[in-house]
Amino acid sequence: MGYVRLLRRRPVLALWGAQGLSVFGDRLYAMAIMWLAWEKSGAAAMGLVAVAESVPYIVMGTVGRRLMDRFASLRALAAVDASRIVLVALLPVAWNVFGLPAMLALAVAVGAAGALFDPNLGALVPDLVRPSEVQATYGLMDLTGRIARIAGPGAAGVLLAVMPQGALFWLDAATFAVSAGVLARLGWGAHKSAPTGKRPAAPETLGTRLLLRSHPATGAAIGVHGVGIFAQTVSFALPALLAARFHAGAGTYGLILATTGAGALAGNLAAGHVRLPSRLPVVYCAV
């Protein structure tokens with residue numbers, strides 16, 4: 001019921017809806033581009049696309065802090081989603097005209113947009129609620145991603161069976177368009193309600209090294225979390241392997257991707273409402 005109570009607030013509901021569309025678009029895009037790469041060029045192309053999408057996150061997380069700070073507002077995030085409309089819509093055209101190199105270049109650009117969007121949206125969430133509600137709000141936002149892990153690939157698999165691949169990318173671009181519109185509206189409302197006069201001083205930021213030295217437990221948790229994400233890279237290959245083994249098409253590929261998100265969705269419904277254990281890293285490693 002905590003989620004329902006939060007969604008009664010219009011800003012939270014609007015932001016959750018915008019994030020939901022954006023994440024759903026991400027999943028549609030990931031399913032479509034992976035299947036396109038697999039169908040056109042095989043497993044090697046799938047691996048290259050996965051790398052092309054991931055590299056911008058690494059670069060932004062290590063040396064792109066100043067650039068990240070420039071997008072720490074709702075209106076800036078609306079511009080990021082607007083850029084993804086163009087990039088995603090161009091993907092099938094780029095593949096047909098220029099082949100794999102063009103698709104990889106656009107995948108890097110889409111990955112860079114995601115690397116700017118995701119952390120900044122998460123950083124804006126605590127400003128919408130009281131401190132005691134931050135955990136539940138993060139759980140609500142994470143719930144969107146869990147649902148999209150099931151609905152996105154499943155929907156993409158069905159749509160690929162009944163429409164051309166290019167149309168799926170255009171539908172994906174439409175989800176980013178709606179998200180951009182909602183974020184722009186929220187950002188405009190926040191800008192109008194902000195007090196006029198002297199601009200408040202920017203909050204002090206800590207360098208990565210100083211932050212990790214000051215909080216070694218946080219550094220260890222980030223490292224363990226990174227190992228866990230690395231171990232999940234098998235999820236890129238497993239659906240294609242099973243689809244190929246059963247001589248199946250895009251529908252089965254999307255179904256396999258969707259089933260991998262069912263447990264994550266169930267886990268979120270518990271994680272957003274339970275009290276955090278005192279030894280959270282130990283519990284995380286055990287899970």
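Residues numbered from 1 in each chain as written. Predicted model: local features only at pLDDT ≥ 70, side-chain atom pairs only at ≥ 80, totals over all residues. Heavy atoms only, no water.

What follows is about the overall build of the chain. For the chain, the helix and strand inventory stands at 14 helices and zero strands. N-terminal to C-terminal, the α/β element order of the chain is α-α-α-α-α-α-α-α-α-α-α-α-α-α. Per-residue burial over the chain gives 36% buried out of 287 residues. Partitioning the intrachain contacts of the chain with sequence separation of at least 6 by distance along the chain shows that 82% fall at a separation of at least 24. Within the structure as shown, the chain displays about 16400 Å² of accessible surface, and the carbon and sulfur contribution to it stands at 68%. (Helix = DSSP H or I, 4+ residues; strand = E, 2+ residues; numbered from the N terminus. Buried < 20%, exposed > 50% of the residue type's maximum accessible area, 1.4 Å probe, protein only. Contact = heavy atoms within 4.5 Å. Areas by Shrake-Rupley, 256 points an atom, 1.4 Å probe, with all protein chains shown as cover.)

This part takes up the nonpolar core. The biggest cluster of nonpolar side chains holds 35 residues, and the ones touching the most others in it are Tyr29, Ile33, Met103, Phe169 and Tyr253. Residue assignment for this core shows that the elements contributing at least two residues are helix H2 (10-41), helix H3 (43-63), helix H5 (74-98), helix H6 (100-124), helix H7 (134-162), helix H8 (165-193), helix H11 (234-245) and helix H12 (250-260). If sequence neighbours within four positions are ignored, Ile33 has contacts with Val49, Glu53, Leu91, Met103, Ala107 and Phe169. (Core = buried A, V, L, I, M, F, W, Y, C linked by side-chain atoms within 4.5 Å.)

Summarising the element assignment, Ser179 is placed in helix H8. The exposure class assigned to Ser179 is buried, which follows from its relative accessible area of 0%. In this view, Ser179 contacts Ala18, Leu21, Ser22 and Asp81; residues no more than four positions away in its chain are not counted.

Turning our eyes to something else, we now look at a nonpolar patch on the surface. Together, Val51, Val55, Val59 and Val63 line one region of the surface with nonpolar side chains, adding up to about 340 Å² of accessible area. As for its position among the elements, Val55 is in helix H3. (Patch = residues over 30% accessible without salt bridge, like charges linked within 9 Å, V, L, I, M, F, W, Y side chains within 5 Å. Salt bridge = Lys/Arg side-chain N within 4 Å of Asp/Glu carboxyl O.)

Let us now look at the packing of H3 against H6. At a minimum axis distance of 8 Å, the contact between H3 and H6 shows a crossing angle of 35°. Seen from above, H3 lies across H6 with right-handed handedness. Across the interface between the two elements, Ala45, Leu48, Val49, Ala52, Glu53, Pro56, Tyr57 and Met60 from H3 touch Leu100, Met103, Leu104, Ala107, Val108, Gly111, Ala112, Gly114, Ala115, Leu116 and Asp118 from H6. Here the contact of H3 with H6 is composed, by residue class, of 15 nonpolar, two polar and two charged. (Axes fitted to C-alpha atoms, helices over the stretch in contact; angles between N-to-C directions. Left-handed = near helix turned anticlockwise from the far one by under 90°. Nonpolar A, V, L, I, M, F, W, Y, C, P; charged D, E, K, R; others polar.)

Turning to the pattern of salt bridges, a few remarks are in order. Per the stated rule, a full pass over the model turns up one salt bridge. One salt bridge connects Arg84 with Asp81, and the closest N-O pair in it is separated by 2.7 Å. One end of the pair, Arg84, and the other, Asp81, are both in helix H5, three residues apart, so they sit about a helical turn from each other. In terms of burial, Arg84 and Asp81 fall into one category: buried.

Further remarks concern the environment of Val110. Secondary-structure assignment places Val110 in helix H6. Val110 gets classed as buried once you look at its relative accessible area, which sits at 5%. For the pair Val110 and Val80, spaced 30 residues apart in sequence, the C-alpha separation works out to 9.6 Å.

Keep in mind these numbers describe shape, not what the thing actually does.
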